[in-house]
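Here is what each chain is made of, one letter per residue.
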Amino acid sequence: MLRVVVLVSGGGTNLQALIDGVQSGRIEDAQIVGVISNNAGAFALERARRAGIPGFCVSPKEYAERAEFHRALLEKLAGLEPDLIVLAGFLVNIPPEMVQTYRGRIINIHPSLIPSFCGKGYYGLKVHEAALARGVKVTGATVHVVDEGTDTGRILLQKAVEVKEGDTPEILQRRVMEEAEWQILPEAVARIAKGELL
Ligand code: GRF
C-alpha cells in the first residue's frame with residue numbers, strides 16, 4: 001500500500017481528484033495518509049477533514065526562522081512515513097533537505113506543458129495569463145518529479161488542452177484543471193502505486 005502525503009496551499013481541487021480516485025478505485029493500492037498545508041485557511045484542509053484524512057497546518061508564519069519552518073515540515077512528513085509526496089498547488093519553496101531526503105519520490109502538478117510557462121513566477125492564474133498573452137493554441141498540464149529547481153524535474157505525464165477563442169485566464173484555468181490536471185495527477189499516482197513511472 002503506497003503511503004501518500006499531499007501538500008497543499010489553496011482550494012484543493014487536485015487533492016479532491018486524488019481523494020475521489022482512491023474512493024472510486026481508479027487509484028488502487030494507495031492511501032492518502034496525510035494532508036499538510038502552509039495555510040490554515042486552505043479549503044483543501046476541509047476536503048481532507050470531510051474525507052477522514054488527517055490534516056495539518058505547518059505555516060512559515062509560526063516560525064521566526066525559515067530553517068525552523070523547514071525542520072517542522074520535515075518532522076511532520078517523517079512522522080507520516082510517506083512513500084510518495086504530492087505537491088498539489090503547494091506554493092512554498094521546497095527545502096533542499098526535503099528533496100534530498102525524498103529524492104525521486106516527490107511529484108508536482110504544473111498547469112502548463114513544461115517547458116512552456118514554468119519556473120519562477122509562473123503559478124496559478126499567472127501561467128494562463130502568460131499562455132493567452134503568447135497566443136498559444138494548445139496548453140495543458142504536466143506531472144513531473146520535483147528536484148532542487150523550479151518545475152525542472154523529470155516529466156512523467158502531460159495532457160494537452162485546447163485554448164479557445166475568447167478564453168479568459170479563469171476560463172482557461174478551469175478547462176486545464178478539468179481536462180488535464182484532475183486526469184493526469186490521479187493517473188500518475190495510480191501508476192506509481194503499481195510500480196510504474198518512477
Ligand atoms: C492548480 O492550478 C495547480 O496546477 C497549481 O496550483 C493550482 C492548485 O489548485 N499547481 P488546487 O488547490 O488543487 O485547486
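Just above, that's the structure.
These remarks concern the structure in this document. In this text the structure is predicted, and so the values were computed from the model without any measurement.

Considerations on the overall build of the chain
Inference 1: Broken down by element type, the chain carries six helices and seven strands.
Inference 2: In the chain, the succession of α and β elements from N to C terminus is β-α-β-α-β-α-β-α-β-α-β-β-α.
Inference 3: Expected size for 198 residues packed as a compact globule is a radius of gyration near 16 Å; at 16 Å, the chain falls within 12% of this value.
Inference 4: Principal-axis analysis of the C-alpha atoms gives the chain an extent of 50 × 40 × 30 Å.
Inference 5: Within the chain, the proportion of its 198 residues that are buried is 49%.
Inference 6: Per element, the accessible surface of the chain, about 9,500 Å² overall, is 48% carbon and sulfur.
Inference 7: Charge separation in the chain, taken as the distance between the mean sites of 22 positive and 24 negative side-chain charges, equals 1 Å.

Notes on the pairing of strand β4 (residues 84-87)
Inference 1: Of the two faces of β4, the one holding L84 and V86 and the one holding I85 and L87 are both buried throughout.
Inference 2: Bridge analysis of strand β1 (residues 2-8) against β4 gives four bridges, and the strand direction is parallel. Residue pairing for β4: V4 is matched across the bridge by L84.
Inference 3: Bridge analysis of β4 against strand β5 (residues 106-110) gives three bridges, and the strand direction is parallel. Looking at β5, one finds that V86 is bridged to I107.

Quick look at the pattern of salt bridges
Inference 1: Considering all chains together, one arrives at seven salt bridges under this definition.
Inference 2: A salt bridge links R103 to E148; the shortest N-O distance between them is 2.6 Å. With a gap of 45 residues between them, R103 in the loop between α4 (96-101) and β5 and E148 in the loop between β6 (138-145) and β7 (155-162) connect regions that are remote in the sequence.
Inference 3: Among the ionic pairs, R175 bridges to D167, the shortest N-O distance being 2.6 Å. Residue R175 shares its accessibility class with D167, and that shared class is buried.
Inference 4: Salt bridges sharing common partners tie together E46, R49 and R50.

Each value, and the rule that gives it
- Residues numbered from 1 in each chain as written.
- Predicted model: local features only at pLDDT ≥ 70, side-chain atom pairs only at ≥ 80, totals over all residues.
- Heavy atoms only, no water.
- Helix = DSSP H or I, 4+ residues; strand = E, 2+ residues; numbered from the N terminus.
- Rg over C-alpha atoms; globule rule 2.2 N^0.38 Å.
- Buried < 20%, exposed > 50% of the residue type's maximum accessible area, 1.4 Å probe, protein only.
- Areas by Shrake-Rupley, 256 points an atom, 1.4 Å probe, with all protein chains shown as cover.
- Lys, Arg positive; Asp, Glu negative; His and termini not counted.
- Charge placed at Lys NZ, Arg CZ, Asp CG, Glu CD.
- Pairing = 2+ DSSP bridges.
- Salt bridge = Lys/Arg side-chain N within 4 Å of Asp/Glu carboxyl O.

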